[in-house]
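Chain residues, written in single-letter form:
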Amino acid sequence: MTLLVEKHDGYRQLSLNRPERLNALNTEMHGALMAALTEAEADPDCRAILLTGAGRGFCAGQDLGDVQVGDSGVPDLKAVLERYNALIRKLRALEMPVVCAVNGVAAGAGANLALACDIVLAAKSANFIQAFSRIGLIPDCGGTWFLPRLVGAARARALAILAEPLPAERAAEWGLIWQAMDDDALMNEAHKLAARLAKQATIGIAFAKRAFDAAETNTLGQQLDLERDLQDELGHTPDYAEGVRAFVEKRAANFTGKR
Ligand code: LHQ
């Protein structure tokens, strides 16, 4: 099994599971990950995802032994990239929060897979490596889009060109990820976070994801209109009504995540 799926109360943990290859992504793992996300979406009881890796690595990117050689005699990267792009699009559009617990090295597509998630936690021993330039490629899986937005143009370019490992603590200082933490605390914290998110007003979180992504191309005027429309829709959800009621009654809200 290249992907382990564990169901928890309100969320699912997906663990990339090829530890002997540092969870490098092959065709089978891609398929399993896409299928697991589709299943999670269809389950009304699943309101958050926790993505991590089995063993000492998070994900070493594309399995370099699993790239089909095309007619021209060179690896057919286009076909492989179509799969990655579909995966990144799916994660960004998923109507629930995605927590990524980077338990060890995240290299190449593995690094940018993590960056596509909504909240990234990492073990202090983990590193992020934009390994692509080492094999003559550019950052893909949204890397050229995520990096400058997260850490600024100068750092983005140096990360991509030099392909040096960026330790988790510096990644957090630079704003590439949310938090770095002691290795032995990581999974406990990640589970606590996923469980907490699964009890939040998750449809609101889904709309915030959509708004942040739209903001990348919208003008302020367009974004104000979008916020108004999304807020108007959220204003008709049971979670909004419950949130306000719970506030007034000075009690914890009981959210459902339903539209
Ligand atoms: C691997 C891999 C790996 C296979 C470690 N594949 N076996 C998209 C579309 C199409 C094509 C191409 O690419 C892409 C996007 C990309 O992701 S490109 C970037 C691909 N990834 C890389 O270039 C990273 C390659 N890996 C490494 O540089 C190192 O393994 C890192 C720095 C991640 C970790 O180093 P170490 O901690 O020293 O571990 P290791 O190198 O000894 O790896 C452990 C094993 O895992 C080893 O196998 P072995 O049989 O010797 O024990 C590696 O060969 C294997 N492995 N990454 N991507």
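Note: the structure precedes this text.
Residues numbered from 1 in each chain as written. Predicted model: local features only at pLDDT ≥ 70, side-chain atom pairs only at ≥ 80, totals over all residues. Heavy atoms only, no water.

A.B. asks: Mind laying out the pattern of salt bridges, listing which residues take part and the relevant values?
C.D. replies: Within this structure, the stated rule accounts for 19 salt bridges. A salt bridge links Arg 259 to Glu 95; its shortest N-O distance comes to 2.8 Å. One end of the pair, Arg 259, is in the segment after helix H10 (238–248); the other, Glu 95, is in the loop between helix H2 (77–93) and strand S5 (98–102), and 164 residues separate them in sequence. Owing to a relative accessible area of 52%, Arg 259 belongs among the exposed residues under this scheme. Across the pair Arg 245 and Glu 242 runs a salt bridge whose closest N-O atoms are separated by 3.1 Å. (Salt bridge = Lys/Arg side-chain N within 4 Å of Asp/Glu carboxyl O. Helix = DSSP H or I, 4+ residues; strand = E, 2+ residues; numbered from the N terminus. Buried < 20%, exposed > 50% of the residue type's maximum accessible area, 1.4 Å probe, protein only.)

A.B. asks: So, the pairing of strand S3 (residues 49–53): which residues are in play, and what are the values?
C.D. replies: The element S3 is extensively covered by neighbouring structure, given that five of its five residues are classed as buried. Alternating residues of S3 divide into Ile 49, Leu 51 and Gly 53 and Leu 50 and Thr 52, and every residue in both groups is buried. Inspection of the sheet shows strand S2 (residues 11–16) paired to S3 by five bridges, in the parallel sense. Bridge assignment links Ser 15 to a residue of S3, and that residue is Thr 52. Crossover connection from S2 via helix H1 (residues 27–42) to parallel S3: handedness right-handed. Pairing of S3 with S5, which is carried by three bridges, proceeds in the parallel orientation. Bridge pairing links Leu 50 to Val 99 in S5. (Pairing = 2+ DSSP bridges. Right-handed = clockwise from strand over helix to strand, strands pointing away.)

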